[in-house]
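For reference, the chains in residue letters:
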Amino acid sequence: EKIKINAVLIGGYAVYHINSVVNQDTETMMNAICTEQGLKIDMQLQKIEQSVTAIYNYANTEVDFSSMISDEEYRIEYINEVEKLSVDIAEHTDGVRAVYFRIDPNLTKPEEGFFYVQEQDESKFVKNKVTRILDYDRNDTEHVGWFYQPKDAGHPIWMSPYYNRNIDILIISYIIPFYYDEQFV
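To keep things clear, this report deals only with the structure shown in the data block. (Residues numbered from 1 in each chain as written. Predicted model: local features only at pLDDT ≥ 70, side-chain atom pairs only at ≥ 80, totals over all residues. Heavy atoms only, no water.)

A tally of helices and strands in the protein yields four helices and nine strands. The order of α-helices and β-strands along the protein, N terminus first, is α-α-α-β-β-β-α-β-β-β-β-β-β. In the protein, which comprises 185 residues, the share counted as buried stands at 31%. Accessible surface, the protein as shown: approximately 12,000 Å² in total, 53% of it carbon and sulfur. (Helix = DSSP H or I, 4+ residues; strand = E, 2+ residues; numbered from the N terminus. Buried < 20%, exposed > 50% of the residue type's maximum accessible area, 1.4 Å probe, protein only. Areas by Shrake-Rupley, 256 points an atom, 1.4 Å probe, with all protein chains shown as cover.)

Next up, the structure:
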């Protein structure tokens, strides 16, 4: 009977010890997986920031702002050049689902710019109709938050996740606002 009690105690201790070791190993493994996935997400977000910054730098250095506002032909040509570069960059940046460039509708025609959305199968970007910004209240984050939040911030921002009603997806956006002589463009 003493042998049975010892066997039960030793068996119980072994089960407890094995369970403890397995739990520690599982916790260590889960932490490592979370850290790895977090680093992958950080890298993807950094690449998106770099891509948006590249578009911004090109658009900001290749423009005569006064001509863009006053000369429709110049503005159309300028927007077309920014559009070509933007779509090319978007197609080569993992995680990008949409790319757009808009002129403040108070400065020019209300629908100046472009808006591309990646197809469901992620094969290519398709041109969509631009959002009519002035048709929505400035607090309507689901339709025009991507326009007003960076404008109000005055610097590049990451928007918190939001449901974008224009394309019916949950999304986060990285946006860089343009200014010329302190005028939002």
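This part covers the sheet that holds strand β3 (residues 125-127). Within the open sheet, the three strands sit side by side as β1-β2-β3. Their pairing is antiparallel. Two strands lie at the open edges of the sheet, namely β1 (98-102) and β3, each paired on one side alone. The mean angle between the axes of side-by-side strands here comes to 20°, regardless of whether they run parallel or antiparallel. Packed on one face of the sheet, helix α3 (residues 72-91) meets β1, β2 (113-118) and β3 and runs near 20° to β2. (Pairing = 2+ DSSP bridges. Axes fitted to C-alpha atoms, helices over the stretch in contact; angles between N-to-C directions. Contact = heavy atoms within 4.5 Å.)

This brings us to the nonpolar core. If you look at the biggest cluster of nonpolar residues, it comprises 24 residues, and the most contacted ones within it are Met 68, Tyr 78, Val 82, Phe 101 and Phe 178. Of all the secondary structure elements, the ones that give two or more residues to this core are α1 (2-61), α2 (65-70), α3, β1 and β2. Among the elements that line this core, the one with the most residues is α3, at six residues. With residues near it in sequence (within four places) discarded, Val 82 still touches Ile 55, Tyr 58, Ala 59, Phe 101 and Phe 114. Judged by nonpolar contacts, the second largest core, of 15 residues, contains Val 117, Trp 146, Tyr 148 and Met 159. (Core = buried A, V, L, I, M, F, W, Y, C linked by side-chain atoms within 4.5 Å.)

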